[in-house]
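Understanding the architecture of this molecule
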Amino acid sequence: MSESEHLKKIAFLERRVQREKTSRTAAEAILEEKSKALYEANLDLINAIAKLKKLSTAVEQSPMIVLISDIFGYVEYVNDAFTQISGYSMEDVVGKELISLGLNIDEIPFDGVREVMEKKTTWKADLRGRGQQEQEYQLSISISPIVNDHDSITHLLYNCEDITTQRANEQKIYDLALHDSLTGLYNRYSLDSILQQAISSAQRAETKLSVLFIDMDRFKQINDTHGHKFGDMVLKEVAIRLNAICRRKSDYLARIGGDEFIVVLTDIQNETFCGLTAQAIIESLSLPYYFEEQDLRSSPSVGIAVYPNDGVNATELIKNADAAMYHVKQNGRRKYSFFTKELNKIAEEKDYLEQELRLALENDLLELYYQPQIYLSETRVFGVEALVRWNHASLGFISPEKFITVAEERGLIYQLGAWVLETPFAQQKAWLTIATTPIKMAINLSAKQIENPNFVKDVSNALIKHKVEASMIELEVTESIAMKNPEQSIATLKELRKLGFELAIDDFGTGYSSLSYLKMLPIQTLKLDKTFIDNLEEDQDNVKICKASISLSHDLGLSFVAEGVETLWQASFLKEHKCDVLQGYYFSRPVPSEEAFSYMQSYDWSAF
Amino acid sequence: MKGIVFTEFNDMVEDKFSPELLDEIISECDLPSGGAYTSVGTYEHTELVSMVGKLSEKTDIPADTLVYAFGEHLAVRFSVLFPAFFKQTTNVFDFMKSLDQHIHVEVKKLYPDADLPQFSFDDSDPACLVMEYQSKRGFAGLAHGLMTGVIKHYGESIEITVAPISGNHHVRFHLNKV
């Protein structure tokens with residue numbers, strides 16, 4: 001090799017070495033850079049993993065149920081909350097279709113997934129789920145899309161809350177609101193809507209339905225005699241027996257009041273079926289009720305109204321069934337009766353009277369008439385008995401028996417009673433300033449007043465309001481009212497006596513008072529029923545009864561009033577036999593207050 | 001262009017011709033990089049174009065033939081350096097189809113700055129795969145050589161016909177099974 005060639009070779013090798021060096025340096029620089037980038041990427045990765053770990057732990061342990069599926073509904077992830085509620089393990093569900101996990105009982109999630117995929121919005125609903133052991137649970141679910149950087153949905157996120165307990169509680173509350181807590185039957189509130197629905201169905205199907213109104217006879221006596229515990233037991237037993245009779249799915253049972261039950265029989269072909277059912281109910285409910293070795297007896301009265309003949313809405317059907325039931329009560333109980341046109345007429349008339357009576361009470365259209373009473377004592381005192389009268393603008397005078405019955409049936413009696421009590425108080429006060437002779441006022445009380453726990457307080461308030469002397473007022477209760485629930489009557493009457501009122505037993509001799517109870521009543525007066533005064537001239541038995549009653553009264557320290565005195569002979573006889581007070585047509589009919597007052601003012605004491 | 005193409009080209013020139021020829025080419029081309037390539041670097045593709053031109057000039061072999069031969073050589077080298085890519089598929093057609101979807105994706109992960117050619121396919125005829133090559137660098141010849149190398153690797157009998165659409169930048173290859 002020549003020197004030039006040698007030099008050339010050296011130059012070539014030097015260039016080559018130089019290139020190798022340069023490329024190595026470049027490679028090292030690149031590697032350095034890459035390794036730095038790798039280190040930083042690694043750090044980022046560690047942080048990201050820590051962050052992810054925190055998030056995934058939070059999701060894992062969240063009390064909310066979290067599921068993630070791909071867009072075809074195949075599960076990729078579920079957290080512990082889901083495995084706990086469903087009983088499925090992570091391995092059971094990953095890769096499975098969501099619908100296979102018992103989450104599609106109502107087909108609802110399909111709609112949700114479709115909507116989320118179409119609109120990319122969150123979709124919410126409540127749904128039922130079924131776990132591995134077939135147990136059912138309820139979820140409040142929201143499905144939302146998981147989108148990537150290109151705004152495409154890659155996954156679906158399901159957030160669910162277990163609302164099983166909440167729903168169960170809501171159901172409980174709902175049931176409580178719709179059911180009678182004592183018997184578990186439907187209550188009045190739900191009956192209306194059930195009946196309304198049943199009517200709509202019957203209307204569509206052109207079928208009939210019937211409403212049986214059941215009232216337990218003399219149930220109040222069980223409550224009063226044995227206490228509410230026994231009363232409640234009877235009611236529960238009634239519900240059980242009714243359930244045993246009305247077993248069709250289309251039968252509905254409700255308790256709408258104390259001892260009032262309703263049976264709705266839907267989809268009936270004819271009335272015979274209703275009659276047979278009613279008869280079965282009567283027979284079953286009339287059987288004795290045994291509790292704690294007590295043998296309790298009651299029986300039902302049943303009224304039946306049939307759709308569409310007897311009414312086309314719930315209110316009408318219940319009202320007419322009630323009217324039919326009432327008819328049974330009036331005619332011997334322990335029977336059933338269908339609603340009829342006549343009952344309809346009576347019911348309509350009662351409706352009208354009720355409506356008018358409400359108006360009359362509101363507008364003060366009732367009147368009080370006063371029938372004077374002559375006291376035969378040495379001190380000159382008059383008495384008057386306040387008697388309610390209703391002179392209706394178009395119907396004329398309506399008999400008190402008629403409208404008081406309506407008031408009792410339609411829940412107006414207490415209001416009416418209050419009016420009948422307060423108005424004489426005002427009258428008494430008015431007379432006090434102008435009368436020369438003291439006037440005692442006799443006022444009749446109704447059973448509802450005696451039974452009402454607020455009555456004594458109401459009377460006391462009225463007394464204060466009108467500033468009248470209680471001792472100048474005599475409150476009268478009939479023998480039958482006083483004996484209906486003697487213990488309660490005695491208690492109430494004692495309270496009234498404490499307020500200073502005089503108390504009288506009215507219509508004495510017509511009921512069946514026990515003398516031992518009579519002795520216990522805090523009364524001052526006995527009023528013999530006027531049937532014993534009628535024909536006193538000819539009826540020797542009445543003469544004997546009168547004499548004995550007067551004697552009994554005086555022996556018990558009571559004053560004796562004879563009402564219905566119509567002749568001078570009767571008046572004289574009674575005076576002769578030491579009767580204390582006389583009242584009747586012989587002296588005066590019941591008249592308006594002015595007339596009564598002028599009668600008393602002009603009364604000639606020497607005339608009798 | 002990735003440095004590996006340059007280092008492989010240089011290695012091929014040294015092997016097939018001589019280290020001195022390579023030195024001459026590098027010296028005469030006056031390359032911005034000075035010819036000091038590292039496989040992990042990135043260089044202007046024009047440097048390769050210059051070197052191929054100079055080699056053609058020195059050896060009297062047409063540049064296209066040189067590029068085609070280099071492509072074939074590169075395919076062999078890739079199968080040695082990156083055997084995993086070749087093992088993923090069992091035949092030429094599947095390998096070709098995996099280029100864009102798989103291999104280039106992986107390359108991108110390693111070298112986010114890599115500017116790769118694009119391929120599209122028509123495989124409706126099971127006996128003929130139509131591949132369209134598109135690249136701003138215009139190395140259709142290199143692609144052709146690479147395909148030939150791949151065919152040799154899998155030992156299949158496939159003929160390639162080349163139908164240029166737009167010079168060397170957009171070319172359609174028909175790979176026919178024979």
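Remember, it's a predicted structure, so these values are computed and weren't measured experimentally.

What follows deals with the overall build of chain A. A count of helices and strands for chain A gives 21 helices and 22 strands. In chain A, buried positions account for 44% of the 608 residues. Considering only contacts in chain A between residues 6 or more positions apart, those separated by 24 or more positions represent 63%.

Time to look at the overall build of chain B. Looking only at helices and strands, chain B features seven helices and four strands. Walking chain B from its N terminus toward its C terminus, one meets helices and strands in the order α-α-α-α-α-α-β-β-α-β-β. By the burial criterion, 47% of the 178 residues in chain B qualify as buried. Partitioning the contacts of chain B with sequence separation of at least 6, the portion at a separation of at least 24 is 61%. Total accessible area computed for chain B in this model is approximately 8700 Å², and 53% of it derives from carbon and sulfur atoms.

On to helix 7 (residues 140-154) of chain B. Residues and elements named next belong to chain B. Spanning 15 residues, helix 7 covers 21 Å between terminal C-alpha atoms, matching the ideal 21 Å at 1.5 Å per step. Here helix 7 lies mainly inside the structure; 11 of its 15 residues are buried. Taken residue by residue, helix 7 has Ala 140, Leu 142, Ala 143, His 144, Gly 145, Met 147, Thr 148, Gly 149, Val 150, Ile 151 and Tyr 154 as its buried positions. In the segment just after helix 7, Gly 155 is the residue with positive phi, at about 65°.

The interface of chain A with chain B comprises 11 residues on the first partner and 15 residues on the second. At the boundary of chain A with chain B, total buried surface from both sides reaches about 1000 Å², with 56% on carbon and sulfur atoms. Scanning the region where chain A abuts chain B turns up four salt bridges. Where chain A packs against chain B, one counts five residue pairs in polar contact (both at pLDDT 80 or more). Looking at the side of chain A that touches chain B residue by residue, the class counts come to four nonpolar, two polar and five charged.

Time to look at the layout of surface pockets. Residue and element names in this part refer to chain A. A volume near 1800 Å³ is recorded for the largest pocket. Forming the boundary of the largest pocket are 40 residues, of which Asp 215, Tyr 326, Lys 329, Glu 408 and Lys 448 lie nearest the centre. Of all the secondary structure elements, the ones that give two or more residues to the lining of the largest pocket are strand 6 (208-217), helix 7 (219-226), helix 10 (314-330), helix 11 (341-362), helix 12 (400-409), helix 14 (447-451) and helix 16 (479-484). Tallying contributions element by element places helix 10 first for the lining of the largest pocket, with nine residues. Across the lining of the largest pocket, the residue classes tally to 12 nonpolar, nine polar and 19 charged.

Residues and elements named next belong to chain A. Counted under the stated rule, the structure contains one cavity of 30 Å³ or more. In this model, the largest cavity occupies a volume close to 60 Å³. Within the residue set of the lining of the largest cavity, elements represented by two or more residues are helix 14, helix 16 and helix 17 (486-498). Looking at the lining of the largest cavity element by element, the count peaks at three residues for helix 14.

Our focus in this paragraph is the side chain of A:Gln373. All names here are of chain A. As for its placement among the helices and strands, Gln 373 is situated in strand 13 (residues 367-375). A polar atom in the side chain of Gln 373 sits 2.7 Å from the side chain of Gln 583. In this structure Gln 373 touches Phe 382, Gly 383, Val 384, Glu 385, Ala 442, Glu 476, Lys 527, Val 561, Val 581, Leu 582 and Gln 583, once residues within four positions along its chain are discounted.

Moving on, we get to the sheet that holds strand 12 (residues 336-338) of chain A. Residues and elements named next belong to chain A. Reading across the sheet, the five strands line up as 7-8-6-11-12 and stay open at both edges, with mixed pairing between neighbours. In the strand order of this sheet, the two ends are held by strand 7 (251-257) and strand 12, each with one partner. Direction aside, neighbouring strands of the sheet carry axes that sit 20° apart on average. With seven bridges connecting them, strand 6 and strand 8 (residues 260-268) associate as antiparallel partners. Looking at strand 8, one finds that Ile 214 is bridged to Phe 261. Across the sheet, helix 10 lies against strand 6, strand 8, strand 11 (299-307) and strand 12, angled at about 140° from strand 11, the strand it touches most.

Before going further, it helps to examine unusual backbone geometry. All names here are of chain A. With an omega dihedral of 5°, the bond running from Tyr 307 to Pro 308 counts as a cis peptide bond. Note that Pro 308 resides in the loop between strand 11 and helix 10. Despite not being glycine, Lys 578 shows a phi value in the positive range, around 70°.

This part is about the nonpolar core. Counting residues in each nonpolar core, the largest one holds 79 residues, and the members touching the most others are A:Phe425, A:Leu496, A:Phe501 and A:Leu574. Among the elements that line this core, the one with the most residues is helix 13 (residues 413-434) of chain A, at seven residues. Leave out the neighbours within four places in its chain, and A:Phe425 touches A:Ile443, A:Val459, A:Ala462, A:Leu463, A:His466, A:Val468, A:Ile473 and A:Phe501. With 49 residues, the next largest nonpolar core counts B:Val5, B:Val67, B:Ile103 and B:Tyr154 among its residues.

With that out of the way, let us pick up the environment of A:Glu563. All names here are of chain A. Assignment of secondary structure puts Glu 563 in strand 20 (residues 559-563). Along the primary structure Glu 563 and Phe 532 are separated by 31 residues, whereas in three dimensions their C-alpha atoms are 9.2 Å apart. Look past the residues within four positions of Glu 563 in its chain and what remains in contact with it is Glu 385, Asp 506, Asp 507, Lys 527, Leu 528, Asp 529, Lys 530, Ile 533 and Gln 583.

This next bit is on helix 3 (residues 45-59) of chain B. Residues and elements named next belong to chain B. Look at helix 3: 21 Å from first C-alpha to last across 15 residues, which is about the 21 Å you get at 1.5 Å a residue. All buried positions along helix 3 are accounted for by His 45, Glu 47, Leu 48, Met 51, Val 52, Lys 54, Leu 55 and Ser 56. Contacts from the buried residues of helix 3 go to helix 1 (3-16), helix 2 (19-29) and helix 4 (63-81).

Moving on, we get to the packing of aromatic side chains. Residues and elements named next belong to chain A. Scanning all chains against the criterion turns up 23 aromatic pairs over all chains. Their ring planes at 25° and their centres at 6.3 Å tell us that Phe 425 and Phe 501 sit as a pair that is stacked. Residue Phe 425 is located in helix 13, and its partner Phe 501 is located in the loop between helix 17 and strand 18 (502-508); the two are separated by 76 residues in the primary sequence. Relative accessible area serves as the criterion here: at 0%, Phe 501 is assigned to the buried category. Grouped by ring-pair contacts, the aromatic residues Phe 382, Tyr 599, Tyr 603 and Trp 605 constitute a single cluster. Over the ring of Tyr 289 we find Arg 241; its NZ or CZ atom is 3.9 Å from the centre of that ring.

Residue and element names in this part refer to chain B. On the secondary structure map, Thr 65 appears in helix 4. A relative accessible area of 42% places Thr 65 in the partly exposed class. Separated by 76 residues in sequence, Thr 65 and Gly 141 place their C-alpha atoms 8.1 Å apart.

Here the focus is the side chain of B:Asn10. All names here are of chain B. One can find Asn 10 in helix 1. Using a relative accessible area of 8% as the deciding quantity, one classes Asn 10 as buried. Residues in contact with Asn 10, not counting those within four places in the same chain, are Leu 22, Ile 26, Gly 35, Tyr 37 and Met 51.

Rules of the game
- Residue numbers run consecutively from 1 along every chain, following the written order of its sequence.
- Key to labels: chains lettered from A, ligands numbered from 1, both in the order written.
- Residue-level local features of this predicted model are given only where pLDDT is at least 70; pairs of side-chain atoms are given and counted only at 80 or more, and the full residue set underlies all totals for whole chains, interfaces and linings.
- Side-chain calculation: all heavy atoms of the structure are included, whereas hydrogens and water are not.
- The numbering of helices and of strands both runs from the N terminus, where a helix is a DSSP run of H or I of at least 4 residues and a strand a run of E of at least 2.
- For each residue, the accessible area found with a 1.4 Å probe, counting protein chains only, is set against the maximum for its type, and the residue is called buried under 20%, exposed over 50%, and partly exposed in between.
- Contacts were defined at the residue level, with two residues in contact if any of their heavy atoms lie within 4.5 Å.
- Methods summary: accessible areas were calculated by the Shrake-Rupley approach with a probe of 1.4 Å, and residue burial reflects only the protein chains presented.
- Helices are assigned an expected span. That span is 1.5 Å times one less than the residue count.
- Simply put, the buried area is the total loss of 1.4 Å probe accessible area from both parts when two parts are fitted together.
- The salt bridge criterion pairs a side-chain nitrogen of Lys or Arg with a carboxyl oxygen of Asp or Glu, the two atoms within 4 Å.
- A 3.5 Å cut-off defines polar contacts: any pair of N or O atoms within that distance qualifies, except that in protein one atom must be a possible hydrogen donor and the other a possible acceptor, and neighbouring residues in sequence count only when both atoms are side-chain atoms.
- Lys, Arg, Asp and Glu make up the charged group, whereas Ala, Val, Leu, Ile, Met, Phe, Trp, Tyr, Cys and Pro make up the nonpolar group; the residues left over, Gly among them, are polar.
- In this analysis the probe radius is 1.4 Å and the grid spacing 1 Å, with only protein atoms considered; a cavity is a set of points the probe fits into but cannot get out of, a pocket is an open set with protein on both sides within 12 Å along at least five of seven lines, and lining residues have an atom within 4 Å of a point.
- Grid points are joined across faces, edges and corners, and a volume is the space filled by probe spheres set on the points.
- Note: two strands are recorded as paired if DSSP finds a minimum of 2 bridges between them.
- Here, axes are lines fitted to C-alpha atoms. For helices the fit covers the stretch in contact, and angles between N-to-C directions go from 0 to 180 degrees.
- Definition of nonpolar core: a set of buried residues of the types Ala, Val, Leu, Ile, Met, Phe, Trp, Tyr and Cys, connected through side-chain atoms within 4.5 Å.
- Centres within 6.5 Å make a pair out of two Phe, Tyr or Trp rings, where for Trp the six-membered ring is used; the pair is then stacked when the planes are under 30 degrees apart, edge-to-face when over 60, and tilted otherwise.
- Each ring is checked for a lysine NZ or an arginine CZ that lies within 6 Å of its centre and within 35 degrees of its normal; such an atom marks a charge sitting over the ring.

It is worth stressing that arrangement in space is one thing and function is another; only the former is reported here.
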